[in-house]
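Survey of secondary and tertiary structure
One letter stands for each residue in the lines below.
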Amino acid sequence: MGESTSTVSVEDFILNDLLRWILVHGSTSQRSSVGVDFKILKLCLYSMTSVSRQTEIWETVLRELIKAYCDYTTIADGLLVMISYESDNCLNCDNENFVKCKVLDTFAADAANEFANSFRRSHDILRDHNEDADDDEEESNVLRKGDLSLFLRTCVGISSRSHSFGLLVSTTVVKQWIVSCCQSTFNADGDRTLMHEDESGANVLLQTLLSLNSIQATNFISDDEVVKLLLESWREGGKIWIETAANLLKLTPLKEEFIVRASSSLCGEVKSQPPTDHAVLELVSEAWAARAKKLLDISQSKSLESLGLHDALLWDSGNQSEFLFLCLMYLLYLVEAKDREELLFKNADEKLFVHILRCISETNGALTNSFESRTVRNQQFVDIVGNVSESVLEGCCVYGIDLLSSLANKKASNDDETLNRTLTALSFLMSLLFCPVRGTEGTHEIEDDVNPTSVKEGDSLWYEKAEGEKRVKATVVKVHFDDFPDLYFTIRVDESNAEKQTVAKKLKRSPNPQSNERLESLVSNDNSEVRDRLGRCIVDKLLLPNDIGVNEVAAECVNIIISQCGFAALGLGSVKYEVFKMVSSIESLLCDTMTAPVNELSLDDCIPLLRSLSLSMGYGIYTTPSWKNVTALKLDPSGSISKILDLYENPGWITAQQSCPMQPFHASVAMWLTVALHTITDEETYRRSLASIRLLGDLLLQNDDSVSNSIYILNAAASVEVTSSGFTNPVLIESEDEKEVFAQLTRSFVNSHRSVSSAWTDKFTSLLRAKG
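Residues numbered from 1 in each chain as written. Predicted model: local features only at pLDDT ≥ 70, side-chain atom pairs only at ≥ 80, totals over all residues. Heavy atoms only, no water.

**Here we look at the overall build of the chain**
Counting secondary structure elements, the chain contains 35 helices and seven strands. Classification of the 772 residues of the chain by burial places 52% in the buried group. Summarising the internal contacts of the chain: among those between residues at least 6 apart in sequence, 73% fall at separations of at least 24. Element-wise, carbon and sulfur atoms account for 50% of the exposed surface of the chain, whose accessible area totals about 35200 Å². (Helix = DSSP H or I, 4+ residues; strand = E, 2+ residues; numbered from the N terminus. Buried < 20%, exposed > 50% of the residue type's maximum accessible area, 1.4 Å probe, protein only. Contact = heavy atoms within 4.5 Å. Areas by Shrake-Rupley, 256 points an atom, 1.4 Å probe, with all protein chains shown as cover.)

**Notes on the packing of helix α30 (residues 663-676) against helix α31 (residues 683-700)**
Packing of α30 against α31 leaves a shortest axis separation of 10 Å and a crossing angle of 145°. Regarding α30 and α31, the two cross each other, and that crossing is left-handed. Only I693, L696, L699 and L700 of α31 make contact with α30, whose side of the interface consists of Q663, H666, A667, V669, A670 and L673. Of the residues belonging to the contact of α30 with α31, the class tally is eight nonpolar, two polar and no charged. (Axes fitted to C-alpha atoms, helices over the stretch in contact; angles between N-to-C directions. Left-handed = near helix turned anticlockwise from the far one by under 90°. Nonpolar A, V, L, I, M, F, W, Y, C, P; charged D, E, K, R; others polar.)

**Considerations on the side chain of S710**
When you line up the elements, S710 lands in helix α32 (residues 707-724). In this structure S710 comes out as buried when scored by relative accessible area, which is 0%. Here S710 is in contact with L701, L745, S748 and W760, once residues within four sequence places are set aside.

**Side note on unusual backbone geometry**
Residues other than glycine seldom take positive phi values, yet Q300 does so here, at roughly 55°. Residue position: Q300 is located in the loop between α14 (278-299) and α15 (312-317). What makes Q300 exposed here is its relative accessible area of 65%. Of note, N497 is a non-glycine position whose phi angle comes to about 65°, a positive value. Note that N497 resides in the loop between β4 (488-493) and β5 (499-503). Relative accessible area serves as the criterion here: at 54%, N497 is assigned to the exposed category.

**Comments concerning the sheet that holds β5**
Strand order in the open sheet formed by five strands is β5-β4-β3-β2-β6, with antiparallel pairing between adjacent strands. The open sheet terminates on both sides in strands that have one partner only, identified here as β5 and β6 (507-508). One ladder, built from two bridges, connects strand β2 (residues 460-463) with β6; its direction is antiparallel. By the bridge assignment, W462 is partnered in β6 with K508. (Pairing = 2+ DSSP bridges.)

**Comments concerning helix α8 (residues 148-155)**
An α-helical turn contains 3.6 residues, so a residue and the one three or four places further along point in the same direction. With six of its eight residues buried, α8 lies for the most part within the structure. For α8, the complete set of buried residues consists of L148, L150, F151, L152, T154 and C155. If you check the start of α8, you find a side-chain oxygen 3.1 Å away from the backbone N of S149, and it comes from D147. A positive phi of about 80° marks G157, the residue just after α8. (Polar contact = N/O pair within 3.5 Å; in protein donor to acceptor, adjacent residues only side chain to side chain.)

**Remarks on the confidence of the model for the chain**
Mean pLDDT over the chain: 82, with 84% of residues reaching 70 or higher. Low pLDDT, under 50, characterises residues 185-190; the predicted model gives this stretch eleven contacts beyond four residues in sequence or across chains. This model gives residues 436-446 a pLDDT under 50, and the stretch forms 32 contacts once residues within four places in sequence are excluded. (pLDDT = per-residue confidence, 0-100.)

**Looking at the nonpolar core**
Of all hydrophobic cores here, the largest spans 238 residues; its most connected members are W58, F151, F258, F381, L543 and F665. Beyond its immediate stretch of four places on either side in the chain, L543 contacts I538, I548, A554, C557, V558, I561, V579 and M582. (Core = buried A, V, L, I, M, F, W, Y, C linked by side-chain atoms within 4.5 Å.)

**Overview of the pairing of β2**
Alternating positions in β2 separate cleanly, L461 and Y463 being buried on one face and S460 and W462 remaining unburied on the opposite face. Pairing analysis gives four bridges linking β2 to strand β3 (residues 472-480), with the strands arranged antiparallel. For Y463, the partnering residue across the bridge sits in β3 and is V472.

**Focus: the packing of aromatic side chains**
One pair of aromatic rings is described through two measures. These are the centre distance and the angle between the planes. Inspection of the entire model under this criterion finds eleven aromatic pairs. Ring geometry for W234 versus F258: centroids 6.2 Å apart, planes at 85°, classification edge-to-face. Of the two residues, W234 is situated in helix α11 (residues 223-236) and F258 in helix α13 (residues 255-271); the sequence distance between them amounts to 24 residues. Each member of the pair W234 and F258 is classed as buried. Judged by centre distance (6.1 Å) and plane angle (80°), the rings of W653 and F665 are edge-to-face. With W653 in helix α29 (residues 651-659) and F665 in helix α30, this pair connects stretches of sequence that are twelve residues apart. Assigned by exposure class, W653 and F665 land together as buried. (Phe/Tyr/Trp six-rings, centres within 6.5 Å; stacked < 30°, edge-to-face > 60°.)

**Observations regarding the pairing of β4**
Looking along a regular strand, one sees the side chains alternate between the two faces of the sheet. Across the six residues that make up β4, a large majority, five, are buried. In this structure, β3 lies alongside β4, joined through six bridges in antiparallel fashion. The partner of T475 across the bridge, within β4, is R492. Direction of pairing for β4 relative to β5: antiparallel, over a ladder of five bridges.

Printed below as a string of structure tokens:
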């Protein structure tokens, strides 16, 4: 009877007094007393003779502490006291098994899951913070305080405050932790998740599980679960990845399995549907690139194959070109400059490079937007890749010609978009190989501008506020990527210590503007054999199998040969001979067609001939424009020009056209006059040409919404401006016809200014300035 009464008294003391002491001491500055409280609890429990009753009271105490939101540190300290061994106390007791119980298991599992959810919410970039602000405030009021990391590590026996001991929770709990910790790239609703890098190592659950693995206590964690934990750390990045997971991967035999799964994850992402919001797209691309760089570092690989960007078919799909481009650009920025070329030209294979250029070439608005504006992504890509050897570029051009040839010979209408992008990419490649970087052909100015992709924080450069102003020394403080790939920078001006934001074009490498000193071109002038080989390749694969009179791709390839490859050889059988023969036959056929009486003249038959002549001679819709091809080929266009001028001086024909204009024909005439006008040297023909261009403006710009046709007149006006410099007669220089053309363009701009492109506006503004 006395023993029973004693047990009840002990239980009452524990539940009524000792429990209150623990809560009070744990919530005040008297934390040192917590250890004493738990030692008393331990002695009280061991004083009981019934093991089952000991367990019941311990679970009751633990349950009440949890219910009262006792902090993690107090509970962890208590657990350490409860499992500690003392030489003079209960030598036959198994302390670890005594502490283990369902209440602790449930609490440990719930605490880990609650933390994992909170961590994901706090690091979720795509979360609507405004919508969840109230939830955050409510959650912060009920979150348990204290050192969660200490509690978790104590539960698995690796607390830094004690010697290593066994698990205090079941292995089932550890596996639940792993499930809570690891997540996929997409949530349960199928929406993409995107996490901030865990720079500070805040994910204490992941750190605990990885630390558990690091001491080889893996008999209850499967290989699959270890790899999942490593993949989670790889996704989150930051301190835990750098200091723990990456080092574990160097030692674990599971490294190859990790690489396979990480690679599969990256490959799956680039093939998935990208976000439609561009800001989110950039964030997703940047995060993808960060993970890809970590995988390359772990695998010591210098190949895009493990990342999924090596697949030409993926680039050819064209459905997600912006996503693929941003992923690749962010990755290349993270990779050392010396390794970029190897990534793209693995085993000296140029094909991928060409497919990428084709994918990112822009063909929409080809007529109204400049070639440079439509290949700006191509230039950004090439800038970050760095110098590519002449032999590699030649191989790229040859492969581009093969691609274009296979598409052009199919004559499939549904391939038009791919065909045009291939043509654009080929012309861009040729410009890399043969055209100078800056300045006149064959030379370029001393490098003074900076490549924005090569600028790093801490670089010392020269800041030029405006062209011609004195340059001041400045240090790059930060590189901004939020408008990637259009980078901008925060700099600190050395002399004033003031910080400001600027763009790359205002940063220079030298303190003074460069003089007109010239250096040799990136590709030496001694490349006649390369020029001839590529010119011959185009002739054999694209010109001879196709009629340039009806095939506009072949016609634009003539422009590439003349304006970019040039003619390295002359004479019978040479590239120039073949090109001249083809083009002159088209011009002769046009003259013959236009010889017919006006009432029998087939304008439909003239249109493809005029367009082919124009494109061959450098009008450049999908290739770089060059309005001097006629002179370079030494073609005489006077016959066709004379026929055209005669037609536009026929009053009856003009009257009929004014009532019902054949606009495609007039547009084709404007194209041909644009590239051929500068060959006119006699004043009378030039005067007649100006009058015809004025009539073309009347016919093409009849409607208010005429912006699509206005580009033909705008280009013709630009050609007039260049050609007029060759005449001295003031009547021709200040022609009334030319003034009327400018008036037509002005009215077109006023009526359609909301839909005109920036390229149109820039060219028109330039012409107005030139006219004073």
